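Next come the chains, spelled out residue by residue.
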Amino acid sequence: MPASGAGPAPRQATHPKGVAPAGRGGAAGANAGSSKGLPAPPPAEHAVQAEAVPGGYAEGYRDGVFAGGEALVAQHIPPDHILPAVAAADLIAAGFRQYAPSLARLSSPHEMAGHITAALDAQRPLSVVRLGDGELLTLAADTVLPGQEVQELAPFLPYAGVPCSTPDIRAMLAEAIQAADWVGVPISRAPTFQGLLFPVLRHFGIDWSQLKLTSSTINYSLHQSGLVLPLLQGRRVLLIGSQAPELAALLHNRGVHVTGIIGSVAGVMDIQRVMQQTAEHAFDIALVAAGIPAVILCRRIAGELCKVALDFGHLADKLVTGELQL
């Protein structure tokens, strides 16, 4: 089912997905939302010191919380009136109850594992792509945001495989999202995540309610739920991305049959070469950790080669470095 989303989860805090390292956000960083999200309160041991510094962290935090809460409420209170003993949090809770019927549910890790397994068993194509700040800012450049602002917000885009967001690249990316079987979307409501998701989809004429949605951190969720190895065991696996050789060794040690390795993807302009090489391999499922191009690659692998393709992202890096264990 589609989803409009709510608060943070793992992909959201990163940038590229494997052009060098991979992924739409690490499990740890994701909970932070974007760099423009509201900061957490200072640790207790620093609170007194921060409050003692004019213009310090605590003061800025209090001002931000007020501006984003009580000050907004005040705009709706008529002149010469007050609303006694009702906090902004209470009003938000009351309003949320009104909008609760509009909640839309994301497909869970176990549900997604079931969809992937069913496609593999039936030898049916399936693409699972993920959208994070990199993809959304690429789509937003010169469409819903000025190009210069995107450059300032996303200096990491060249590393993520998009040296410059052009109309052709945006069109390819939008087409891949529209045609993908499952689309991972940010749970974070931060400005460069859900703050861009719906305006960008609207601009490109993509009706989010017609997409089958999961979380943009579904790669991490599958791992955390212990579902990655069961999905791969007994399947022929193709690995795409800069960490492919090292990841292949790890998977081999866990009994996974890796039938092909395609190394680093040199950005969106390298997609055609990678597709040509991919077609030369025999495989059942491709794990693609290749930055923003992974969205396009996963869709094309499913659509043109009739295989299962999963946007594996920075999970590849974390497994290779040992930060996460299979």
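The structure presented is a predicted model; accordingly, all values stated were derived computationally and were not measured.

Asks: Could you give an account of the pairing of strand β2 (residues 182-185), naming the residues involved and the relevant values?
Replies: Along any regular strand, the residues point their side chains to alternate faces of the sheet. Taking every second residue as pointing to the same face, both faces of β2 are buried, with W182 and G184 on one and V183 and V185 on the other. Across three bridges, strand β1 (residues 126-130) lies against β2 in parallel orientation. Along β2, the bridge assignment pairs V128 with W182. Strand direction decides the pairing type here: β2 and strand β3 (residues 213-215), joined by three bridges, are parallel. Across the sheet, V183 pairs through a bridge with L213, a residue of β3.

Asks: Residues and numbers for the packing of helix α9 (residues 167-179) against helix α15 (residues 293-305), please.
Replies: Running from N to C, α9 and α15 point in directions that differ by 50°, and their axes come no closer than 9 Å. Here α9 lies oblique to α15, going by the angle between them. Note that α9 runs across α15; the crossing there is left-handed. Across the interface between the two elements, M172, L173, A176, I177 and A179 of α9 pack against V295, I296 and R299 of α15. Taken together, the residues of the contact of α9 with α15 break down into seven nonpolar, no polar and one charged.

Asks: How would you summarise the pairing of strand β7 (residues 308-311) if you had to cite specific residues and measurements?
Replies: Alternating positions in β7 separate into two faces, V308 and L310 on one and A309 and D311 on the other, with burial throughout. Relative to β7, β1 runs parallel, the two being bridged by three bridges. What sits directly across from V128, in β7, is L310. As paired elements, strand β6 (residues 285-289) and β7 share four bridges and run parallel to each other. Looking across to β7, one finds that L287 is bridged to L310.

What counts, and where the lines are drawn
Residues numbered from 1 in each chain as written. Predicted model: local features only at pLDDT ≥ 70, side-chain atom pairs only at ≥ 80, totals over all residues. Heavy atoms only, no water. Buried < 20%, exposed > 50% of the residue type's maximum accessible area, 1.4 Å probe, protein only. Helix = DSSP H or I, 4+ residues; strand = E, 2+ residues; numbered from the N terminus. Pairing = 2+ DSSP bridges. Axes fitted to C-alpha atoms, helices over the stretch in contact; angles between N-to-C directions. Parallel < 35°, antiparallel > 145°, perpendicular 65-115°, else oblique. Left-handed = near helix turned anticlockwise from the far one by under 90°. Contact = heavy atoms within 4.5 Å. Nonpolar A, V, L, I, M, F, W, Y, C, P; charged D, E, K, R; others polar.

By themselves, these observations are geometric and do not establish any function.
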